[in-house]
Amino acid sequence: TQLLEQSPQFLSIQEGENLTVYCNSSSVFSSLQWYRQEPGEGPVLLVTVVTGGEVKKLKRLTFQFGDARKDSSLHITAAQPGDTGLYLCAGAPNSGYALNFGKGTSLLVTP
Amino acid sequence: SQTIHQWPATLVQPVGSPLSLECTVEGTSNPNLYWYRQAAGRGLQLLFYSVGIGQISSEVPQNLSASRPQDRQFILSSKKLLLSDSGFYLCAWSWKGQETQYFGPGTRLLVL
């Protein structure tokens, strides 16, 4: 199993602040997904990155895939209370069907 | 567009009772299907995946089983539930040959 380490585990910030969460591994992934999950609901896909060095933007969210395809980051600009949730990264190994999930970063944005 | 359904949404069962959770996908054909368990709102553990009708691969040995009787239907079962089976069960699907998975709303199972 290729482990994905997410940091920080918990983050509590005020509305308007910027933040970055990280997803790191010693293994190479053919692609990496970021999901956001709210309590009692299934994870919702935010983005898939497939190319080393790739940067994708989704409104105030910026996702980057490391050049070596071993790590990724998610940057949120001017966080809003609606950004509150559990952010999960998941990597697809070069073979097999299983996505390897990190344990998530729990984000709380207070007004 | 594609949608994925799971039911029931919540289930409370006594230890030793049977279990059947259902997942169906609409708007696609011949998807890969997956069952995950999530403990304490954290990382997901893959339990089973299926690439076609009647084809099931198990990732973790346990007292659960899965079946795929129809192309877009995936069922998670147990003959006798254990306390440790409590958790949040998520079904997901993906296109053939693609790695991105799309999740259902989940089933919260509490075994007492």
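Up top is the structure.
Predicted model, so just to flag it, every value in this text is computed and none were measured.

**Remarks on the pairing of strand β9 (residues 87–94) of chain B**
All names here are of chain B.
- In terms of residue burial, β9 counts as a mostly covered element, since 8 of its 8 residues are buried.
- Note that strand β4 (residues 32–38) and β9 share 7 bridges and pair antiparallel. In the strand pairing of β9, Gln38 is matched with Phe88.
- As paired elements, β9 and strand β10 (residues 102–103) share 2 bridges and run antiparallel to each other. Each residue of the ladder has a partner; that of Ala92, found in β10, is Phe103.

**What to know about the sheet that holds strand β8 (residues 71–76) of chain A**
Residue and element names in this part refer to chain A.
- Here we have 5 strands laid out as an open sheet, ordered β1-β3-β8-β7-β6, and antiparallel in their pairing. Edge positions in the sheet fall to β1 (5–7) and β6 (55–58), since each has one partner strand and no second. Here the strands of the sheet are splayed against their neighbours by 15° on average, with no regard to which way each runs.
- Where strand β3 (residues 19–24) meets β8, 6 bridges bridge the pair, whose relative direction is antiparallel. Looking at β8, one finds that Leu19 is bridged to Ile76.

Quick notes on the rules
- Residues numbered from 1 in each chain as written.
- Chains lettered and ligands numbered in written order.
- Predicted model: local features only at pLDDT ≥ 70, side-chain atom pairs only at ≥ 80, totals over all residues.
- Heavy atoms only, no water.
- Buried < 20%, exposed > 50% of the residue type's maximum accessible area, 1.4 Å probe, protein only.
- Helix = DSSP H or I, 4+ residues; strand = E, 2+ residues; numbered from the N terminus.
- Pairing = 2+ DSSP bridges.
- Axes fitted to C-alpha atoms, helices over the stretch in contact; angles between N-to-C directions.

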